[in-house]
Structures are given as C-alpha cells and as structure tokens.
Amino acid sequence: MREIKKDKYFRDRQSTYIILGIHCAKCGKEVLLYQKDGRGGLKRLYLNRILAPESIASLQDKVERVKTLSMLKCECGVDIGIPMLHREGRLAFRLIPGTYSKHKEKK
Ligand SMILES: [Zn+2]
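Model, not experiment: these values are computed from the prediction.

> Can you tell me about the overall build of the protein chain, naming the residues and giving the values?
Counting its secondary structure elements, the protein chain contains three helices and eight strands. Each helix and strand of the protein chain, placed in order from N terminus to C terminus, yields the pattern α-β-β-β-β-α-α-β-β-β-β. Taken over the C-alpha trace, the protein chain has a radius of gyration of 13 Å; the compact-globule value for 107 residues is 13 Å, and the two agree within 12%. With the C-alpha coordinates of the protein chain rotated into their principal frame, the extents come out at 35 × 30 × 25 Å. Residues classed as buried in the protein chain amount to 22% of the 107 residues present. Sequence separation of at least 24 residues holds for 49% of the intrachain contacts in the protein chain that already meet a minimum separation of 6.

> Residues and numbers for the sheet that holds strand 7 (residues 91–95), please.
Taken in spatial order, the four strands make up an open sheet running 3-7-6-5, and their pairing is antiparallel. With partners counted over all chains shown, the strands left at the sheet margins are strand 3 (44–46) and strand 5 (72–73), one partner each. In this structure, strand 6 (residues 79–85) lies alongside strand 7, joined through five bridges in antiparallel fashion. Opposite P83, over in strand 7, you have F93 as the bridge partner.

> Give me the lowdown on the sheet that holds strand 4 (residues 50–52), citing residues and values where you can.
Across the sheet, which stays open at both edges, the four strands sit in the order 4-2-1-8 with antiparallel pairing between neighbours. The open sheet has two edge strands with one neighbour each: strand 4 and strand 8 (100–105). Taking the axes of each pair of neighbouring strands and ignoring which way they run, one obtains an average angle of 35° across the sheet. Pairing of strand 2 (residues 30–37) with strand 4 involves two bridges; the strand directions are antiparallel. Its bridge partner lying in strand 4, L33 is registered against A52.

Cut-off values and rules
Per chain, residues are indexed from 1 in the order of the written sequence. Restriction of local features to residues with pLDDT of at least 70 applies here, the model being predicted, together with a cutoff of 80 or more for giving and counting side-chain atom pairs; totals for whole chains, interfaces and linings are based on all residues. Numbering of helices and strands runs from the N terminus, with a helix taken as a DSSP run of H or I at least four residues long and a strand as a DSSP run of E at least two residues long. Atoms considered for the radius of gyration are the C-alpha atoms alone. The globule rule reads 2.2 Å times the number of residues to the power 0.38. Exposure criterion: with C-beta atoms placed from backbone coordinates, a residue whose C-beta has 20 or more other C-beta atoms within 10 Å is buried, one with 12 or fewer is exposed, and one in between is partly exposed. We call two residues in contact if the C-beta atoms placed from their backbones are at most 7 Å apart. When DSSP locates at least two bridges between a pair of strands, those strands are taken to pair. Whenever a helix is involved, its axis is fitted only over the stretch in contact; in every case the axis is a line through C-alpha atoms, and angles between N-to-C directions fall within 0 to 180 degrees.

Set out below in structure tokens:
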C-alpha cells in the first residue's frame with residue numbers, strides 16, 4: 001500500500017482524509033483502496049490518491065495524458081470509472097453511479 005499523501009490538495013481540503021475501499025457492485029470484490037481528502041461526496045478517484053493495488057496505484061507514475069488512460073474496471077469486467085482530467089490538472093476516474101460501493105477502512 002502506498003503512503004498517505006499530505007500535499008497541497010490535502011491541505012486545500014481541511015487537511016483531513018479517510019481511507020475507502022471501493023468494491024464492485026456486481027461481484028463484491030474490492031477494486032482498490034483510496035485516500036479520500038476532505039469532506040463531501042465521492043465523485044471521482046484521483047490517480048494520485050489510489051493506495052492499492054500497486055497495479056492500479058502505479059498508474060500515477062506512468063500515465064501523463066488522459067488519452068492513454070484506460071477505463072477503471074473490476075476483474076469481473078464491470079466498468080467502474082471513466083478517465084477524466086480534472087480542472088486542477090489532475091488525472092482521475094469519474095465514478096459511474098451504481099457500479100461500486102464504498103467502505104470506510106481503518107487508518
Ligand atoms: Zn466485479
């Protein structure tokens with residue numbers, strides 16, 4: 001699992017975070033672990049907040065352009081997130097409502 005990041009995005013969001021497990025709504029499998037900064041709803045997953053598995057977390061080191069980012073999928077084939085570039089210039093997956101569930105993990 002990657003380290004929790006406490007950068008300017010974190011500080012801009014009340015310097016608070018939770019760890020969420022994102023699970024597939026179809027098969028129930030955990031797709032990834034995520035550092036959610038600040039309060040409010042979860043609409044997208046920023047690449048640089050994905051903690052695990054390393055196969056997905058490593059995208060933040062490898063992918064620089066939204067065009068070269070693939071859909072976020074569960075192992076069972078369900079699409080969970082659509083590649084997007086957020087206005088802050090951060091690559092992210094826009095979550096598809098109804099395809100996932102989120103579970104708060106212990107820090
Ligand atoms: Zn699945």
